[in-house]
Amino acid sequence: MKQELIQLDKVDLVKLYNKEHEWHKLLVEKYNLPSSSELPSLPQPYMLAFDRATLSYVEGTGKYGKGYAEAELDVSVQNPWFWCHFLGDPVMPGSQGLDGFLQLTGTWAFFSGEIFGRARALDGSYNYTGQILPFHKKVFYRMDINRFLKKKRLLYFDGHIAVESPDNIIYTFGV
């Protein structure tokens, strides 16, 4: 059931937040669930923090050899956090960046076909060294799997968020 590399676009992401993706159907069958309501989803579009993603389950990929995920967000002055966070000081909240990073991690876990359920960030560190502003064009997310404990349904990871180029890292997250 698991694919080695999965590419998700905006259409896939909409299906995920509606719990209508074909992967939901496959997991309902695999685990004999009554419906997809038991499975995770993504937030609605105004809270979704990326527009496309690449998920890798290829052995030996990622910083620790256990897989990775990357995603991108096309920044627009129309993004809701710019007009609702601080009046007259439009900036993407750091917590939105953290949430986007966790959305990506949850998406990786969901498509692994091994871990599902409601996700919670239980521990970890983060560091903010920059901001995402309305004039920026693109945000890049990178998450590397450190440990994947299927029986306990736990995922350990670290990664970063960059703005404008994948090398311009402004947020880091780790275990």
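See the structure above.
Owing to the predicted nature of the structure, the values given are computational and were not obtained by experimental measurement. Per chain, residue numbering runs from 1 following the sequence as it is written. In view of the model being predicted, local features appear only for residues whose pLDDT reaches at least 70, and side-chain atom pairs are presented and counted only at 80 or more, with totals across whole chains, interfaces and linings using the full set of residues. In computing side-chain properties, one takes all heavy atoms of the structure into account and sets aside hydrogens as well as water.

Chemist: Is there a simple way to explain the packing of aromatic side chains in this structure?
Modeler: What characterises a pair of aromatic rings is the spacing of the ring centres plus the angle enclosed by the ring planes. Classification of ring pairs rests on two measures: the distance between centres of Phe, Tyr or Trp rings, Trp counted by its six-membered ring, which must be within 6.5 Å, and the angle between planes, read as stacked under 30 degrees, edge-to-face over 60 and tilted in between. What the rule picks out here adds up to 11 aromatic pairs. Seen from their ring centres, Tyr-128 and Tyr-171 are 4.7 Å apart, and the 75° between their planes marks the pair as edge-to-face. Highlighted residues: Tyr-128 in strand 4 (residues 125-128) and Tyr-171 in strand 7 (residues 169-174), separated in sequence by 43 residues. Residue Tyr-171 is classed as buried on the basis of its relative accessible area, which comes to 2%. In textbook terms, an aromatic cluster arises when at least three aromatic residues are bridged by ring pairs, as seen for Phe-101, Tyr-126, Tyr-128, Phe-157, Tyr-171 and Phe-173. A ring is scored as having a charge over it whenever the NZ atom of a lysine or the CZ atom of an arginine sits within 6 Å of its centre and within 35 degrees of its normal. Between the NZ or CZ atom of Arg-142 and the centre of the ring of Tyr-68, over which it lies, the distance is 4.2 Å. One Lys or Arg, Arg-147, reaches over the ring of Tyr-156 and ends 4.4 Å from the middle of that ring. The helix and strand labels rest on DSSP assignments: H or I over at least four residues marks a helix, E over at least two residues marks a strand, and numbering proceeds from the N terminus. Note on classification: 1.4 Å probe, protein chains only; a residue is buried when its accessible area is under 20% of the maximum for its type, exposed when over 50%, partly exposed between these limits.

Chemist: What is the right way to read the side chain of Arg-142 from this model?
Modeler: Tracing the backbone through its elements, the reader meets Arg-142 in strand 5 (residues 138-149). Counting of polar contacts relies on pairs of N or O atoms within 3.5 Å, with two restrictions inside protein: one atom must be capable of donating a hydrogen and the other of accepting it, and residues adjacent in sequence are counted only when both atoms are side-chain atoms. Within the structure, the side chain of Arg-142 is placed 2.8 Å from the side chain of Glu-70, a separation counted as a polar contact. Not counting residues within four places of it along the chain, the set of residues in contact with Arg-142 comprises Gly-62, Lys-63, Tyr-68, Ala-69, Glu-70, Phe-101, Asp-158, Gly-159 and His-160. Contacts were defined at the residue level, with two residues in contact if any of their heavy atoms lie within 4.5 Å.

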